[in-house]
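Summary of structural features
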Amino acid sequence: MKKLIIITLMLSAITFTFAQGSYEAFRFSQIDYMGTARYMGAGGAFSATGGDFSALSTNPAAIGIFKRNEVSFTPMTLSFFKDNTLYNGMSSFTQNPKYTVPQCGLVISSPIANSAWKRWQFGFGYNRIMDFNNTFRIQGPNHSSFIDPVLNLANGTIYNNLTGDAQIAWDTYLIDTIPGSINRYRSAFHDQDVDQTAVVSQYGGLDEMTITFGGNYNDKLYLGASIGIPILDYTEQTTFTEELSNDSQGTYKYKVSTRQNDRGAGINAKIGVIYQPVNFLRLSAAIQTPTYFANIKDTYTRDMANINYHSEYTNRYDYALASPFRFNVGTSFIINKRAFISAEYEFNDYGMATLFANDYSFDFENEDIRNNFGTSHTLRIGGEVNLTSKFMLRAGYNLKTSPYLKSIDDANLTAVTSPAHYGSIGFGFHTNFVFFDIAYVLRYSKDNYTLYTTNYLINDYSTTALVKNTTHRIVATIGCKF
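Described below are features of the structure shown in this document.

About the thresholds
Position labels on residues start from 1 in each chain and follow its written sequence. For this predicted model, a pLDDT threshold of at least 70 governs which residues receive local features, and a threshold of 80 or more governs which side-chain atom pairs are given and counted, while totals over whole chains, interfaces and linings are taken from all residues. By convention in this description, side-chain values take in all heavy atoms of the structure and omit both hydrogens and water. Each helix corresponds to a stretch of at least 4 residues labelled H or I by DSSP, and each strand to a stretch of at least 2 residues labelled E; elements are numbered beginning at the N terminus. C-alpha atoms define the radius of gyration in this analysis, and the globule rule sets the expected value at 2.2 Å times the number of residues to the power 0.38. In this scheme, a residue with accessible area under 20% of its type's maximum is buried, one over 50% is exposed, and one in between is partly exposed, where area comes from a 1.4 Å probe on protein chains only. The contact criterion used is simple: two residues touch if any of their non-hydrogen atoms lie within 4.5 Å. The Shrake-Rupley method, run with a 1.4 Å probe sphere, supplies the accessible areas, and residue values consider only the shown protein chains as cover. Note that His is not counted, nor are the chain ends; the positive residues are Lys and Arg, and the negative ones are Asp and Glu. All charge positions are set by atom: Lys at NZ, Arg at CZ, Asp at CG, Glu at CD. Salt bridge criterion: a side-chain nitrogen from Lys or Arg within 4 Å of a carboxyl oxygen from Asp or Glu. What qualifies as a polar contact is a pair of N or O atoms within 3.5 Å, subject to a donor-acceptor requirement within protein and to the restriction that residues adjacent in sequence count only when both atoms come from side chains. Two strands qualify as a pair provided that DSSP identifies no fewer than 2 bridges between them. Grouping buried Ala, Val, Leu, Ile, Met, Phe, Trp, Tyr and Cys residues that are joined through side-chain atoms within 4.5 Å yields what is termed a nonpolar core. Only a pair of cysteine sulfur atoms within 2.5 Å counts as a disulfide in this structure description.

This part takes up the overall build of the chain. Scanning the chain for helices and strands turns up six helices and 21 strands. Here the C-alpha atoms of the chain give a radius of gyration of 25 Å, agreeing with the 23 Å that 2.2 N^0.38 yields for 482 residues. With respect to the principal axes defined by its C-alpha atoms, the chain has extents near 95 × 45 × 35 Å. Buried residues in the chain amount to 54% of all 482 residues. Taking contacts inside the chain between residues at least 6 apart in sequence as the whole, the part at least 24 apart equals 73%. Of the roughly 20300 Å² of accessible surface on the chain, a fraction of 59% belongs to carbon and sulfur atoms. Distance from the positive charge centre (38 side chains) to the negative charge centre (40 side chains) of the chain: 14 Å.

Right under this line is the structure:
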């Protein structure tokens, strides 16, 4: 029965990006670290510097730098998303704010008497490692209709055996049989000029609970290991409308509403090291195992409405995902214990992501992952300077390359080869017992969003929008040391 459900889902969801596809494996494998305001203000370049709770997500050895107990909490990350989309020559602009709580953590640092091992540390808390929140609008003309692939799906099937999108299009009179046939179909929208609009709203994130142990050997070697438990909660709602551009009989349009929700939890392990050969230099390396999500629960609902007719269906399916391993190396220069400059490199191979299920092989989807996604390289550079004994100033920059293997040559659609850029500044106030940090992060990226795919077109560029996103993010952290 489940196999029938997943096959039906795959066939019916040829429109929009569908559940359990190669892009979903990529989406849930991505990392875009958030965390404390200190971490984000200095560009997240803490793998070698250490001493910040959010750095435990990139290098657990960062905990070895802690010499006091610490509690940190980031109650505010306010993000302002601004999106410009280009679809068949028409541009649209959207902006919206989102609020998240990306970090909370406790570190306990205890001395070890009469040993070269100076201290051991324990850390527990969470960091948001991927934020999915955003809303954007796509609008423009087309000569391809959402109904076209539905017709392809329906043709050859008797009307009382239709499933998925074909069934609800039949129920709402968006497709009908050709006179004299019971398994060939037509639509008023096929081979017509249409005006299309889509509003895409995405919610949720990946929040990683982390349990970390570390040690400090003679203030030279810092080791750390952690267990991570990423918690996935992702929802995408898309409202798509299509209207005939020239209809002598009056306005003729319909609406398709799609909601996808994925929830699950995974597990991974990390090990890391920081080595300080001289007082002013630290070197680091860390590796993370693949994250295994054993049971992602996916709920996919499609609704069609045409004048006074309405029909919908819901598919539910459980599947597993193994995201790729990743590793990073870094270096940090400590300047008179008053400042640091740090850089790190992280490697990810998204082509290694793999989908699983007990009753479906995912061979096609996993092959699609290998063919479309490859390595991504991330460079983080950041620094901090103590202006006084209590006031600190920070700045950072990140570059994250695109993992897409295939590029689009059309002049309006070059997003798949575009890297993401991050710039940040931050300010801190630290005393012996309490601290307050604030940061501003600017992020710019380009990506593609395909409204639906068609099997008979050589290229689907006309159904793909270019989405340019600019995010302004304000982060505030409070904490205490004891």
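So, next bit.
Structurally, R282 is set in strand β11 (residues 281–288). Buried and unpaired, R282 has no salt bridge, with D219 as the nearest side chain of opposite charge at 8.1 Å. Within polar-contact distance, the side chain of R282 engages the side chain of Q276 at 2.8 Å. Once residues within four sequence positions are removed from consideration, R282 is found in contact with A48, T49, I65, I274, Y275, Q276, G330, T331, S332 and I334.

Attention now goes to helix α5 (residues 164–171). Considered for burial, the residues of α5 that qualify are G164, D165, A166, I168 and A169. Just beyond α5, the residue with positive phi is Y173, at close to 65°.

With that settled, consider the pattern of salt bridges. Throughout the structure, instances matching the rule amount to 15 salt bridges. For K297, the salt bridge is made with D318, and the minimal N-O distance between the two is 3.3 Å. Here the residue K297 occupies a position in strand β12 (residues 292–306), and D318 occupies one in strand β13 (residues 309–322), the gap between them amounting to 21 residues. The class of K297 is partly exposed, set by a relative accessible area of 45%. You can call D318 partly exposed: its relative accessible area is 27%. Close ionic contact of R380 with E344 constitutes a salt bridge, the shortest N to O distance being 2.7 Å.

To continue, consider the environment of T85. You can see T85 is positioned in strand β1 (residues 70–87). Along the chain, T85 and R473 lie 388 residues apart, while their C-alpha atoms are 20 Å from each other. The contact partners of T85, leaving out residues within four places of it in the chain, are M90, S91, S92, F136, R137, I138, L466 and V467. A polar side-chain atom of T85 sits 2.6 Å from the main-chain carbonyl oxygen of R137.

Secondary-structure assignment places S47 in the loop between α3 (37–41) and β1. S47 gets classed as buried once you look at its relative accessible area, which sits at 0%. A distance of 3.4 Å separates the side chain of S47 from the side chain of N328, its partner in a polar contact. Residue contacts for S47: discarding those within four places in its chain leaves T58, N59, I274, S284, N328 and E344.

The next thing to look at is the pairing of β11. Bridge analysis of strand β10 (residues 253–278) against β11 gives seven bridges, and the strand direction is antiparallel. Looking at β11, one finds that K270 is bridged to Q288. Here β10 folds back onto β11 in antiparallel fashion, the turn holding two residues.

In this section: the nonpolar core. F28, L232, Y319, L321 and L355 are the most contacted members of the largest nonpolar core, which totals 42 residues. Counting only elements with at least two residues in this core, the list comes to α2 (22–27), α3, β4 (117–131), β9 (221–244), β12, β13 and β20 (434–450). One finds V150, A166, F240 and L451 within the second-largest nonpolar core, a separate group that totals 32 residues.

Before going further, it helps to examine unusual backbone geometry. In the Ramachandran plot, N88 falls in the positive-phi region, its phi being about 50° despite a non-glycine side chain. Within the secondary structure, N88 sits in the loop between β1 and β2 (90–100). For N88, a relative accessible area of 32% gives the class partly exposed. Even without being glycine, K337 reaches a positive phi, approximately 55°.

Turning to the environment of L223, a few remarks are in order. For L223, the location among the structural elements is in strand β9. Along the sequence, L223 and S284 sit 61 residues apart, while their C-alpha atoms lie 9.9 Å from each other. Apart from the residues lying within four places of it in its own chain, the contact partners of L223 are A61, W117, F213, G214, G215, G272 and V273.

Here we come to the state of the cysteines. For the structure on display, the rule yields zero disulfides. C104 forms no disulfide, and the closest cysteine sulfur to it belongs to C480, at a distance of 11 Å. Its relative accessible area of 29% is what places C480 among the partly exposed residues.

From the geometry alone we can't say anything about function, so treat these as descriptive.
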